[in-house]
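# Coordinate inspection notes
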Amino acid sequence: MSEFYSVSMSGGKDSTALALWMREQGLPHVRIFADTGWESPVTYAYLDYLEERLGPIERLKPKESFTQRLLRLGTWPARSRRWCTKDLKVYPIRDWMDDFRLPEGYTSLVNVVGIRAEESAKRATFREREWSDDTHCYVWRPLLRWSLADVLQIHRRHGVKVNPLYQQGFERVGCFPCIYAGKLEIRLLAEEYQERIDVIRDLERATGNTMFALRRPGSDEHIPTPIDDAVIWSKTVHGGTQLTLVRAPSGCARWGLCETAPKDGEDV
Ligand code: SF4
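In this text, all values refer to a predicted model and were calculated from it rather than measured experimentally.

A word on the overall build of the protein. Broken down by element type, the protein carries 10 helices and nine strands. Within the protein, the proportion of its 268 residues that are buried is 54%. Residue pairs in contact within the protein that sit at least 24 positions apart in sequence constitute 68% of those at least 6 positions apart. Per element, the accessible surface of the protein, about 12200 Å² overall, is 50% carbon and sulfur.

Helical geometry note: an α-helix holds 3.6 residues per turn, so side chains three or four residues apart project in the same direction. In a regular helix each residue adds 1.5 Å, so 14 residues correspond to 20 Å; helix H8 (residues 194–207) covers 20 Å between its end C-alpha atoms and thus fits that length. Within the sequence span of H8, burial applies to Arg196, Ile197, Ile200, Arg201, Leu203, Glu204 and Thr207. Considered in projection along H8, the buried side chains sweep an arc of 165° and stay on one side of the axis. Turned more than 90 degrees from where H8 packs its buried face, Arg205 and Ala206 sit exposed. The elements touched by buried residues of H8 are helix H3 (66–73), helix H7 (183–192), strand E7 (212–215), strand E8 (222–225) and helix H9 (227–234). Looking one or two residues beyond H8, the residue adopting positive phi is Gly208, at roughly 70°.

As a further point, take unusual backbone geometry. The step from Phe176 to Pro177 runs through a cis peptide bond, and the omega angle for that step is 0°. Relative to the helices and strands, Pro177 resides in the loop between helix H6 (164–167) and H7. In this model, His136 sits at a positive phi of 60°, which is unusual for a non-glycine residue. Judged by its relative accessible area of 39%, His136 falls in the partly exposed class.

Between H7 and H8, whose axes approach to 5 Å, the crossing angle comes to 110°. Considering the angle they form, H7 stands roughly perpendicular to H8. In this structure, H7 contributes Leu189, Ala190 and Glu192 to the contact, and H8 contributes Gln194, Arg196, Ile197 and Ile200.

A separate point is the sheet that holds strand E5 (residues 129–132). Ordered in space as E3-E2-E1-E4-E6-E5, the six strands form an open sheet in which the pairing is mixed. Strands at the two margins of the open sheet, each flanked by one partner only, are strand E3 (57–60) and E5. For this sheet, the mean angle separating the axes of adjacent strands, direction not counted, is 35°. Here four bridges tie strand E2 (residues 29–34) to E3, and the two strands are oriented parallel to one another. Note on E3: the bridge partner recorded for Phe33 is Arg59. Across the face of the sheet, helix H2 (residues 41–54) comes into contact with E2 and E3 while running at roughly 145° to E3. Across the face of the sheet, helix H4 (residues 83–99) comes into contact with strand E1 (3–8), E2, E3, strand E4 (108–112) and strand E6 (137–140) while running at roughly 145° to E2.

Attention shifts here to the pairing of E8. By the bridge criterion, four bridges tie E7 to E8 in an arrangement that is antiparallel. Note on E8: the bridge partner recorded for Leu214 is Ile223. In this structure, the hairpin formed by E7 and E8 is closed by a connection of six residues, where Gly218 is found at a positive phi of approximately 75°.

Thresholds applied
- Residues numbered from 1 in each chain as written.
- Predicted model: local features only at pLDDT ≥ 70, side-chain atom pairs only at ≥ 80, totals over all residues.
- Heavy atoms only, no water.
- Helix = DSSP H or I, 4+ residues; strand = E, 2+ residues; numbered from the N terminus.
- Buried < 20%, exposed > 50% of the residue type's maximum accessible area, 1.4 Å probe, protein only.
- Contact = heavy atoms within 4.5 Å.
- Areas by Shrake-Rupley, 256 points an atom, 1.4 Å probe, with all protein chains shown as cover.
- Expected span 1.5 Å × (residues − 1).
- Arc of directions from axis to C-beta.
- Axes fitted to C-alpha atoms, helices over the stretch in contact; angles between N-to-C directions.
- Parallel < 35°, antiparallel > 145°, perpendicular 65-115°, else oblique.
- Pairing = 2+ DSSP bridges.

Remember, this is a structural readout, not a statement about activity or role.
Below is the structure:
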C-alpha cells in the first residue's frame, strides 16, 4: 500500500515542526489549513511566511466563517453546543479529503497531525495511528513522543522562526481567541489586541450572548460573563474567590487542528 499524506497545519509550533519533518523525510504530502476566519492576523501572516519557506498551504474554508455562523445562529459555541470544531474545521477537512484525487501510484490518503504526548495526560493516551470516522481516513501522529526541545530544534535546523504570538506570551495558537481561552490569553488579548476585544464586545451585543462563561471554584455554576468583565477578571491575581474559566474538551487538539486545548485539562 502506498500512502500519500495531508499535513494539518495550525500555524503553531508543533504542526510547523511536523511539516518540516515531513519534508526532511521526503514523504509525499500536501499541507492544509482549516481556516475559521477567526485566527489572529499574526497567524495569517505567519502562514504566508511558512508558504515562502515550505511551499503551498491549502486554505480550506468552511461554508460560513466563525463570525458568519455565530451571527446566523445567534449563539457562541460552548461545551454543550460546540459547533466550531466540527463545522469550521473537521467537516471542511473531511470534504476536502473526500474530493482529493490521489496522485498516480498512491492508494490512500493519511492525515498527519502534530500532536505530542507530553502536552497533556490525555494526549499521552493517544495512539500514533488510528482511524477517524470524522475525516474518513487514518490519522498519523508521528511527533507523539517528541519533546518541546525536539520541536524547537527542528525549527532552528531549518532556520524557520516560530509563530511570533509565542514571543508575545501566548501559549497556544488557534482561534483568536478560542472559546476555551485561559486567563493569560484574555489578558494578553486586552493588552496587545484591544481591537479584538472590541470585536467580541460588538458580537456579544449582536447575539445577546457572551463568549465566555466563568465557573465558581468548587461549583458547577457557569456564569455568562461579558468580555469587559472577563478582561477585568483576567487581570486579577490567583486565589481567593475569583472565578475560573470553563474548561472543556477540544476536538481541535485531537485532530491537530489547533493548539488551544488546555495543557493540564481534559482534552480529547
Ligand atoms: S480553537 Fe477553540 S474556538 Fe476554535 S474551533 Fe477549536 S475549540 Fe472552537
